[in-house]
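Results of the structural survey
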Amino acid sequence: MSEVIQPRNAAELTDTIAWAVEHDQALRIDAGCSKAEFGHAVANARPLDLKAMRGVILYEPEELVLSAAPATPLSEIEAVLAQRNQMLAFEPPDFTALLGKSGATIGGLVACNLSGPRRLSAGALRDHLLGFQATSGRGERFKSGGRVMKNVTGYDLSKLMAGSFGTLAVLDEITIKVLPAPEKTRTVLAFALDDAAGVALLCRAMGEPVEVSGAAHLPASVAARSAVDYVRNARASVTALRLEGPGPSVEARCQHLRATIGTAVATEELHSVNAVALWRELRDVTLLAEPRDRIVWRLSLPPSEAARVVAAIRANNPNAEVFYDWSGGLVWLSLPASAAMGNDASEMLVRGAVNNHGHATLIRAPSDMRARVRVFQPLAPALAALTARVKDAFDPKNILNPGRMG
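Given the structure is predicted, the values throughout are model-derived calculations rather than measurements. Just so you know, the residues in each chain are numbered from 1, in the order the chain's sequence is written. Reporting in this predicted model follows two pLDDT cut-offs: at least 70 for local features of residues, and 80 or more for side-chain atom pairs to be given and counted; totals over whole chains, interfaces and linings ignore these cut-offs and use all residues. The basis for every side-chain value is the complete set of non-hydrogen atoms in the structure, without hydrogens or water.

**Comments concerning the pairing of strand S7 (residues 141-145)**
- In terms of strand pairing, strand S6 (residues 129-136) meets S7 through five bridges, oriented antiparallel. Among the inter-strand pairings, Thr135 is bridged to a residue of S7, identified as Arg141. Two strands qualify as a pair provided DSSP detects at least 2 bridges between them. Secondary structure counts use DSSP, requiring at least four H or I residues in a row for a helix and at least two E residues in a row for a strand, with both numbered from the N terminus.

Structure representation (structure tokens):
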């Protein structure tokens, strides 16, 4: 194994990448290594370990802004924000249970552009990334954005870096927008709806004047795995709608929402601890984490197509398990290993069902299987050509995480 390089600060990071450029040395970027199994493996590269570059650099709660080094643990940032009753509004997931590795960092989250259930109302991580400082694959340090939204000028490189999986530049400082945490959280549950009816209810609720901040549908087999009693013991599917804000407002909106659903569908409410626990399960995909040998896909779809796509997959693999988030726009899909092991992780089945309606990403599979399939959705020729030009502009020698995105 190649010797690990561990820069201690931004200057050493830039010097390291400049050395790598000069010597044509590929680098595998690591912060917390919690998502090493997400994407293709980076082979024949020297590890560049950022773990020494951690800590909150700036936190101004009155300005709703926080800056941190890339290897700062997510748990550390959330603990700092909790002291001032603030949060990362995009609700970043922790895939420890799903991927089997702990140590989520702010740099890894930005690299993968990961967002949780509140994305449908608060936006994705990239929408909360105010600015950054980084070193490109040319060995050149640069920065983009600022510490307040009004100072963000020029090209919006933040959105380009979010989701680039460390293939364009290595971040050494990340500045992100934070928001006040909600005073109260309640979740209205509706029971025994099939997938199509459940997703239809989610979409209808999103159109009501109740400010839904989370909208998910759990088929009965998945709901039965929840640690929340009302969900686990329902013995039926569960459709969940989250409302947040001041106590009286949340109560009034819950009443309005339950009246909208009507008496033909059984409903219940989760308060405080139970509501938070359910959305943490959905955020972290713990309901599909076991058995460990099952293959997990993430599908991004128009809500109107979600139930149809899932039905097409189940028609060929009745042991498929799913739950729907983002009002049906995000489908988490688990397939048994017996149907996927040794072939293509059911890629043809999944991509064939998704077709032109959205895209599919392979999140969990054995490394040899990930090496054989297209982990990320194949790009259209014009978009692939544009992506290649962007990569060449930032990293012409392809030294940063080569092959990570295929």
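**Digging into a nonpolar patch on the surface**
- Like charges are joined within 9 Å and nonpolar side chains (Val, Leu, Ile, Met, Phe, Trp, Tyr) within 5 Å, but only among residues with over 30% relative accessible area and no salt bridge; these make up the patches. In this description, accessible areas are obtained by the Shrake-Rupley approach with a 1.4 Å probe, and a residue is regarded as covered only by the protein chains that are shown. When a carboxyl oxygen of Asp or Glu lies within 4 Å of a side-chain nitrogen of Lys or Arg, that pair is called a salt bridge. Taken together, the side chains of Leu379, Leu383 and Leu386 make up a nonpolar region of the molecular surface, amounting to roughly 250 Å² of accessible area.
- For Leu383, the location among the structural elements is in helix H16 (residues 381-394).

**Remarks on helix H14 (residues 347-354)**
- Taken together, the buried positions of H14 are Glu347, Val350, Arg351, Ala353 and Val354. All buried residues of H14 fall inside an arc of 160° around its axis, so they share one side.
- If you follow the buried residues of H14, they end up packed against strand S14 (295-300), helix H12 (303-316), strand S16 (330-335) and strand S17 (359-364). With a 1.4 Å probe rolled over the protein chains alone, any residue whose accessible area is under 20% of its type maximum counts as buried; one over 50% counts as exposed, and the rest are partly exposed. Along the arc lie the directions from the helix axis toward the C-beta atoms. Any two residues whose heavy atoms approach within 4.5 Å are treated as being in contact.

**What about the side chain of Arg46?**
- Tracing the sequence through the fold places Arg46 in strand S2 (residues 46-49).
- Given the relative accessible area of 19%, Arg46 is considered buried.
- Once residues within four sequence positions are removed from consideration, Arg46 is found in contact with Ser2, Glu3, Ile5, Trp19, Gln25, Ala26, Leu27 and Arg28.

**Re the pattern of salt bridges**
- Scanning the model with the defined rule gives 25 salt bridges in all.
- The residue Glu76 makes a salt bridge to Arg54 at a minimum N-O spacing of 3.0 Å. Remark: Arg54 occurs in the loop between S2 and strand S3 (56-60) and Glu76 occurs in helix H2 (residues 74-82); sequence separation between them is 22 residues.
- Using a relative accessible area of 27% as the deciding quantity, one classes Glu76 as partly exposed.
- Residues participating in the shared-partner salt-bridge network are Glu91, Arg118, Arg242 and Glu244.

**Details of the packing of H12 against H14**
- As a packed pair, H12 and H14 sit with axes 9 Å apart at the nearest point and diverge in direction by 150°. Of the possible angle classes, the one that applies to H12 and H14 is roughly antiparallel. For H12 against H14, the interelement crossing comes out right-handed. Residues Arg308, Val309, Ala312, Ile313 and Asn316 of H12 pack against Leu349, Val350, Ala353 and Val354 of H14. Note on geometry: axes are C-alpha line fits, over the in-contact stretch for helices, and angles between N-to-C directions span 0 to 180 degrees. We call two directions roughly parallel when the angle between them is under 35 degrees, roughly antiparallel when it is over 145, roughly perpendicular when it lies between 65 and 115, and oblique otherwise. Take the far helix as the reference: if the near one is turned anticlockwise from it by less than a right angle, the crossing is left-handed, and if turned clockwise, right-handed.

**Quick word on unusual backbone geometry**
- Of note, the bond from Glu290 into Pro291 is cis; its omega dihedral lies within 30 degrees of zero at -5°.
- With respect to the element layout, Pro291 can be found in the loop between helix H11 (272-284) and S14.
- Phi angles above zero are rare outside glycine, and Asn44 is one such case at about 55°.
- Inspection of the secondary structure assignment puts Asn44 in the loop between strand S1 (27-30) and S2.

**Observations concerning the environment of Thr16**
- Here Thr16 shows up in helix H1 (residues 10-22).
- Take Thr16: its relative accessible area is 12%, and that puts it in the buried class.
- With near-sequence residues (within four places) excluded, Thr16 lies in contact with Ile5 and Leu48.

**Brief notes about the packing of aromatic side chains**
- Pairing of aromatic rings covers Phe, Tyr and the six-membered ring of Trp, with a centre-to-centre limit of 6.5 Å; geometry is then stacked below 30 degrees between planes, edge-to-face above 60, and tilted otherwise. Under the criterion given, the structure shown has six aromatic pairs.
- The interplanar angle of 90° and the centroid separation of 5.1 Å between the aromatic rings of Phe38 and Phe165 together place this pair among those described as edge-to-face. Placement of Phe38 in the loop between S1 and S2 and of Phe165 in the loop between helix H6 (157-161) and strand S8 (169-177) is noted, with a sequence separation of 127 residues between them.
- For Phe38, a relative accessible area of 0% translates into the label buried.

**Structural notes on the side chain of Arg370**
- Residue placement: Arg370 occurs in helix H15 (residues 367-372).
- Of the polar contacts made by the side chain of Arg370, one reaches the backbone oxygen of Gly39; its length is 2.3 Å.
- Not counting chain neighbours up to four residues away, the residues in contact with Arg370 comprise Ala36, Glu37, Gly39, His40, Ala41, Leu362, Ala365 and Val375. Whenever two N or O atoms come within 3.5 Å, that pair is a polar contact, provided that in protein one can donate a hydrogen and the other can accept it, and provided that, for residues adjacent in sequence, both atoms are side-chain atoms.

**So, the pairing of S6**
- Across the eight residues of S6, seven count as buried, placing the element largely inside the fold.
- Sheet analysis places S6 next to S8, joined by seven bridges and oriented antiparallel. Note that in S8 the partner of Ala134 across the bridge is Leu171.
- Where S6 folds back onto S7 in an antiparallel hairpin, the turn is made up of four residues, including Gly139, whose phi is positive at roughly 80°.

**Some points on the sheet that holds S8**
- Taken together, the five strands give an open sheet; going across it, the order is S3-S4-S8-S6-S7, and neighbouring strands pair in antiparallel fashion. The open sheet has two edge strands with one neighbour each: S3 and S7. If you compare each strand with its neighbour and ignore which way they point, the axes differ by 15° on average.

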